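Residue strings, one per chain:
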Amino acid sequence: MNSARPGDEEPTFKRALEDRDERAFVELVTRYQSQLLRLALVHCRSYAVAEEVVQETWLGVLRGIERFEGRSSFKTWLFRILVNRARTRSEIEGRSVPFSTLATDEPSVPADRFLGPDHPEWPGHWSVPPQSWGSSPESELLSKETLELVDQAIAALPPAQRETITLRDVEGWSSDEVCNVLGISETNQRVLLHRARAKVRAAIERHFDPDLP
Amino acid sequence: MTTTGVDDLACKDFVELVTEYLEGTMSASERARVDAHLAGCSFCTTYLDQMRQTIATLGHLPASTVDPKALDALLGAFRAKR
């Protein structure tokens, strides 16, 4: 996770780029390149295509820096350019999925893990409860195997959910930043995040306990 | 809605409220209702722990490596615009 430094150097980025300050440009690219790549991958079928989209984004920044008025943060502006390019690219390639996936209402946990509504004593309570994963933060959760599994679980998400969980939980952005870059309301963002987190949790749980229903 | 602290929340409903709970976007009365449920339900407390652990794990995914050739190409484009 990148520690979010406050954007106090941000206004200088515009001037530095307009002045063709090569060092500032390298610093910017180094700072944001892997985050840009990760977000581009949500929409691109291959790593190579995602890299192209990131390159196009930076070229777009160089072309458009004069028109950047600082009404949003530089970071928001940069990632909006990327998201637009990546989404356009996936439309051209016919991979586009309708952005809103809010229509379907999937439960976070399968219904058969709870007692039915007509249970005399405990309607809607756990019948197959979750088992503790242990409390140590350096547990199996951070093993290479688990991290790979989490990566695959994210890759399997619908694009809107994947964008949201990537920016919020993988990159550690605030919900305001995510809403601005993705152009979604706070409520939508929360629903997308909720669905995405539920699926990743379920994937980890199944990994630790393959016999679950 | 009553906020007497009596647990009237089903576990099935709790799991759908967990994100709002963690985001801190609930009203005080809803939050009290969830807290009352958690106080009496070790299973949902485990579920909440798992969700926190899931989020922490997501923050540990390794960053993708940046191809140095990409940076060279960008620098080329940058200098060409001079």
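Residues numbered from 1 in each chain as written. Chains lettered and ligands numbered in written order. Predicted model: local features only at pLDDT ≥ 70, side-chain atom pairs only at ≥ 80, totals over all residues.

S.K.: Would you mind showing me how to read the overall build of chain B here?
M.R.: Per the secondary structure count, chain B includes four helices and zero strands. Shown N-terminal to C-terminal, the secondary structure of chain B runs as helices and strands in the order α-α-α-α. In terms of principal-axis extent, the alpha carbons of chain B reach across some 70 × 25 × 15 Å. Here chain B holds 82 residues, and 24% of them are scored as buried. Contacts in chain B between residues at least 24 apart in sequence constitute 71% of all its contacts with a sequence separation of at least 6. (Helix = DSSP H or I, 4+ residues; strand = E, 2+ residues; numbered from the N terminus. Buried ≥ 20, exposed ≤ 12 C-beta atoms within 10 Å, placed from the backbone. Contact = placed C-beta atoms within 7 Å.)

S.K.: How do you make sense of the domain arrangement of chain A when you look at a structure like this?
M.R.: It is common to give the size of an interface as the accessible area lost on bringing the parts into contact. Residues and elements named next belong to chain A. Split by domain assignment, chain A resolves into domain 1 (7–92) and domain 2 (111–208). Of note, the centres of domain 1 and domain 2, computed from C-alpha atoms alone, are 28 Å apart. In this assembly, ten residues from domain 1 lie in contact with eleven residues from domain 2. Contributions of two or more residues to the side of domain 1 that touches domain 2 are made by helix H2 (22–40) and helix H4 (74–92). The leading source of residues in the side of domain 1 that touches domain 2 is H4, at four residues. (Domains from an automatic or database assignment.)

S.K.: Hey, could you run me through the nonpolar core in this one?
M.R.: A general tendency of soluble globular proteins is for nonpolar side chains to be buried together. Counting 33 residues, the largest nonpolar core has Leu39, Ala40, Val54, Leu78 and Leu82 of chain A as its most contacted members. Among the elements that line this core, the one with the most residues is H4 of chain A, at eight residues. Composition of this core by domain shows at least three residues from each of domain 1 (7–92) and domain 2 (111–208) of chain A. Residues within four places of Leu82 of chain A in sequence aside, it is in contact with Leu36, Leu39, Ala40, Val53, Val54 and Thr57 of chain A. Counting 14 residues, the second largest nonpolar core, distinct from the first, contains Leu157, Ala160 and Ile204 of chain A together with Leu58 of chain B. (Core = buried A, V, L, I, M, F, W, Y, C linked by C-beta atoms within 7 Å.)

S.K.: Just checking my understanding: could you explain the packing of helix H3 (residues 47–64) of chain A against helix H4 (residues 68–80) of chain B for this structure?
M.R.: Between two packed helices, the angle of one axis relative to the other and the distance separating the axes together describe the packing. Between H3 of chain A and H4 of chain B, the shortest axis-to-axis distance is 11 Å and the interhelical angle comes to 25°. By the criterion of interaxial angle, the relationship of H3 of chain A to H4 of chain B is roughly parallel. As for the relative orientation of H3 of chain A and H4 of chain B, their crossing is right-handed in sense. Taken together, the residues of H4 of chain B that come into contact with H3 of chain A (itself represented by Glu51, Gln55, Trp58, Leu59 and Leu62 of chain A) are Ala70, Ala73, Leu74, Ala77 and Phe78 of chain B. The residue makeup of the contact of H3 of chain A with H4 of chain B, split by class, is eight nonpolar, one polar and one charged. (Axes fitted to C-alpha atoms, helices over the stretch in contact; angles between N-to-C directions. Parallel < 35°, antiparallel > 145°, perpendicular 65-115°, else oblique. Left-handed = near helix turned anticlockwise from the far one by under 90°. Nonpolar A, V, L, I, M, F, W, Y, C, P; charged D, E, K, R; others polar.)

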